Amino acid sequence: MKKLLAMLSITLLILAGCGSGGNFEAQTNWKVEDFNYKNQRGEAVSLDDLKGTVWLASFIYTNCTTECPLMTFNMSDIQKELVDKGIEDYEIVSFTADPEYDTPEVLKEYISNYEVPDESKWNLLTGYSQEDIKKFAADNFKTAAIKNPNTNEVMHGISFFLVDQNGVVVKNYDGYQDVPKEEIVMDVEALIADGK
């Protein structure tokens, strides 16, 4: 068991650290597969709903006491900068890594604890199984979302992902400590301009 946890920890560190910095084209090029989940308002959100819009994605869960609160704070800071610059054509999508606990109501309560400038642009998604999100995270974002069966903890990537208007992951960044907030805002703005 200790060997398995050590291997998973190493894998998580590798996945979380992959790809910060660089330009869009050379960085990544992962097409997100279709999904249809529920947000914190109980609304269905699919890949089709996001088509034509630039979005920032992350993986968090509400019982997390380490990375997730700071990641959510960092994302709200990024949104404040987007609002300050008058950038409006974007969405934020946070997939819960613990869907069994994180119902829409729990996610709504969670986000209310942060100073989010515009919650209408933020979709905290749930409504899938633990196995589904583990596979979805690995296949579409090359990151982890693995629940420890013996605890409430979920090992998950700490990256923020920039997704273009066609649902392609074009860049990822550290979402936890060395978050390049200004760079992310400039990249969102540039990607929106490129799509016009």
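Described in the following lines is the structure provided in the data block.

The rules we used
- Residues numbered from 1 in each chain as written.
- Predicted model: local features only at pLDDT ≥ 70, side-chain atom pairs only at ≥ 80, totals over all residues.
- Heavy atoms only, no water.
- Helix = DSSP H or I, 4+ residues; strand = E, 2+ residues; numbered from the N terminus.
- Contact = heavy atoms within 4.5 Å.
- Polar contact = N/O pair within 3.5 Å; in protein donor to acceptor, adjacent residues only side chain to side chain.
- Salt bridge = Lys/Arg side-chain N within 4 Å of Asp/Glu carboxyl O.
- Buried < 20%, exposed > 50% of the residue type's maximum accessible area, 1.4 Å probe, protein only.

As a further point, take the environment of Val106. Looking at where Val106 falls in the secondary structure, it is placed in helix α5 (residues 104-111). For Val106 and Tyr61, which are 45 residues apart along the polypeptide, the C-alpha to C-alpha distance reads 10.0 Å. Residues within four places of Val106 in sequence aside, it is in contact with Thr62 and Tyr101.

Turning our eyes to something else, we now look at the side chain of His156. Structurally, the position occupied by His156 is in strand β8 (residues 154-156). A polar atom in the side chain of His156 sits 3.1 Å from the backbone oxygen of Phe59.

What follows is about the pattern of salt bridges. Scanning the model with the defined rule gives nine salt bridges in all. A salt bridge links Lys85 to Glu189, with the nearest nitrogen and oxygen atoms 3.0 Å apart. Of the two residues, Lys85 is situated in the loop between α4 (67-84) and β5 (90-96) and Glu189 in helix α7 (residues 181-194); the sequence distance between them amounts to 104 residues. Between Lys135 and Asp139 there is a salt bridge, with the nearest N and O atoms lying 2.4 Å from each other. Placement of the pair is Lys135 and Asp139 together in helix α6 (residues 130-141), with a separation of four residues, close to one helical turn. Given a relative accessible area of 52%, Lys135 falls into the exposed group. Residues participating in the shared-partner salt-bridge network are Arg41, Glu43 and Glu119.

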